[in-house]
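For reference, the chains in residue letters:
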Amino acid sequence: MDEAKKINPPELSFILPVYNEAKIIEQEIYAIDQSLKEELSDWLTKLELIIIENGSIDNTLFLAHKLSREIPYIKIVHLNKPSYGKSLKKGLLLGKGKYLAILNIHFHNIQFIKQALKILGDQPVDILVGSKNLPKSQDKRPLLRRIIKKLFNSFLRIFFRYQGTDTHGMKIFRKNSITPLIPKCITESELFDTELLVLAQYNGLKIKEIPININRTSHRGIIKRIWPTLKDLRKIQQNIQKWQRGNAKFL
């Protein structure tokens, strides 16, 4: 990780995994920085943005270090092999803030973070999720992607009794609440945060969803991820069953 910047100990940690994003990383990080200055100016001296570069074969790591020299709250972590799950796990465990927020390079809504921080300050909530599937949300992604995500959410309700409407996208956690669960996640793919939310529900953590608008999405195809997703869901199910046999809760 880059040398520690001379800022106050962070209260808010953003976790941002990146992989082969050389074409967009600069413009997106500048956009995040501008949004933070506009929406969370009071937090600028008490936040950190941890960019987890994992196994990119383009110029992503070089550009990330360049950005870290320009923007004082950015820190860089490098993993040798691509793994979204390992990236998130590493970032969440390294984050020093009392609040940990997951960002996506293709979609970031700092207004959601601002709203979530107010709720966390006022209510006994452990996790805030920006849901694309609430009545007041606006999801303008392609129809096929929306259909597949709705089927995925139905699967979670049926097989895991998950009570939420969305496990992907932006979310923010109380660090003290979520940290004990992070090492118990076994998936290393894009289902890591889904597994984390499922485990959080099984352990009685308070999860609240708020509407979010989205009109952008990842450039990576969704069809080719269906079979790996099904295999990882089976792994999550087996992990939960293992713990349920010996414990009422995972902790």
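Here the residue numbering is sequential within each chain, running from 1 through the sequence in written order. This being a predicted model, a pLDDT of at least 70 is required before a residue's local features are given, and a value of 80 or more before pairs of side-chain atoms are given or counted; all residues contribute to the totals for chains, interfaces and linings. Only heavy atoms go into the side-chain values, all of them from the structure, while hydrogens and water stay out.

Here we take up unusual backbone geometry. Positive phi values are uncommon outside glycine, yet Asn20 reaches one of about 50°. Runs of H or I in DSSP of at least four residues are treated as helices and runs of E of at least two as strands, each being numbered from the N terminus. One can find Asn20 in the loop between strand S1 (12-18) and helix H1 (25-39). Despite not being glycine, Arg161 has its phi angle at roughly 55°, a positive value. By the secondary structure assignment, Arg161 is in the loop between helix H5 (143-160) and strand S7 (171-174).

A pairing counts as a salt bridge when a side-chain nitrogen of Lys or Arg comes within 4 Å of a carboxyl oxygen of Asp or Glu. Summed over the entire model, instances satisfying the criterion amount to 10 salt bridges. In this structure, Asp166 and Lys132 form a salt bridge, with 2.7 Å as the shortest nitrogen-oxygen distance. Of the two residues, Asp166 sits in the loop between H5 and S7 while Lys132 sits in the loop between strand S5 (127-131) and strand S6 (138-139), which places them 34 residues apart along the sequence. A relative accessible area of 10% means that Lys132 is categorised as buried. Lys235 is the partner of Asp232 in a salt bridge, and the nearest nitrogen-oxygen pair spans 3.8 Å. With Asp232 and Lys235 both in helix H8 (residues 226-246), this residue pair falls three residues apart, about one helical turn. Buried residues are those whose accessible area, probed at 1.4 Å on protein chains only, stays under 20% of the maximum for their type, while exposed residues exceed 50% and partly exposed ones sit between those limits. Judged by relative accessible area, Asp232 falls into the buried class, the value being 10%. Overall, Lys235 belongs to the partly exposed group, its relative accessible area being 43%. Linked by salt bridges that have partners in common, Glu26, Lys66 and Glu70 make up one network.

So, on to the sheet that holds S7. Should DSSP find at least two bridges between two strands, the strands are regarded as paired. Taking strand neighbours across the sheet as the criterion, the seven strands line up as S3-S2-S1-S4-S7-S5-S8 in an open arrangement whose pairing is mixed. Only two strands of the sheet have a single partner each, and these edge strands are strand S3 (74-79) and strand S8 (207-211). Between one strand axis and the next, the sheet turns by 20° as a mean value, whatever way the strands run. As judged from the five bridges shared by S5 and S8, these two strands associate in the parallel manner. Within the sheet, the bridge partner assigned to Leu128 lies in S8 and is Lys208. The convention used is that axes are lines fitted to C-alpha atoms, helices contributing only their stretch in contact, and that angles between N-to-C directions extend from 0 to 180 degrees.

The next subject is the side chain of Glu209. Checked against the element boundaries, Glu209 lands in strand S8. Residues counted as positive are Lys and Arg, residues counted as negative are Asp and Glu, and His and the chain ends are not counted. For the buried Glu209, no salt bridge is present, and the opposite-charge side chain at shortest range is Arg157, 8.7 Å distant. Under the rule applied, a polar contact is a pair of N or O atoms within 3.5 Å (in protein, one hydrogen donor and one hydrogen acceptor; residues adjacent in sequence only if both atoms are side-chain atoms). For Glu209, the side chain forms a polar contact with the side chain of Thr165, separated by 2.7 Å. Here the side chain of Glu209 touches Asp166 through a polar contact of 3.2 Å, landing on its backbone nitrogen. Whether two residues touch is decided by their heavy atoms; if any such pair falls within 4.5 Å, the residues are in contact. Excluding residues within four positions of it along the chain, Glu209 makes contact with Val129, Ser131, Leu134, Gly164, Thr165 and Asp166.

Inspection of the secondary structure assignment puts Pro228 in helix H8. Each C-alpha atom, one on Pro228 and one on Leu191, is 9.7 Å from the other, the two residues being 37 residues apart in sequence.

Attention shifts here to empty space enclosed by the protein. In this analysis, the protein atoms alone were mapped onto a 1 Å grid. Cavities are point sets where a 1.4 Å probe fits without being able to get out; pockets are open sets with protein on both sides within 12 Å along at least five of seven lines; lining residues have an atom within 4 Å of a point. Grid points are joined across faces, edges and corners, and a volume is the space filled by probe spheres set on the points. All told, the structure shown has one cavity of 30 Å³ or more when counted by the stated rule. In this structure, the largest cavity occupies an estimated 40 Å³ of space. Lys132, Asn133, Lys149, Phe152, Asn153, Asp166 and His168 are the residues that line the largest cavity. As a working rule, the residues Ala, Val, Leu, Ile, Met, Phe, Trp, Tyr, Cys and Pro are called nonpolar, Asp, Glu, Lys and Arg charged, and the rest polar, with Gly in that last group. Taken together, the residues of the lining of the largest cavity sort by class into one nonpolar, three polar and three charged.

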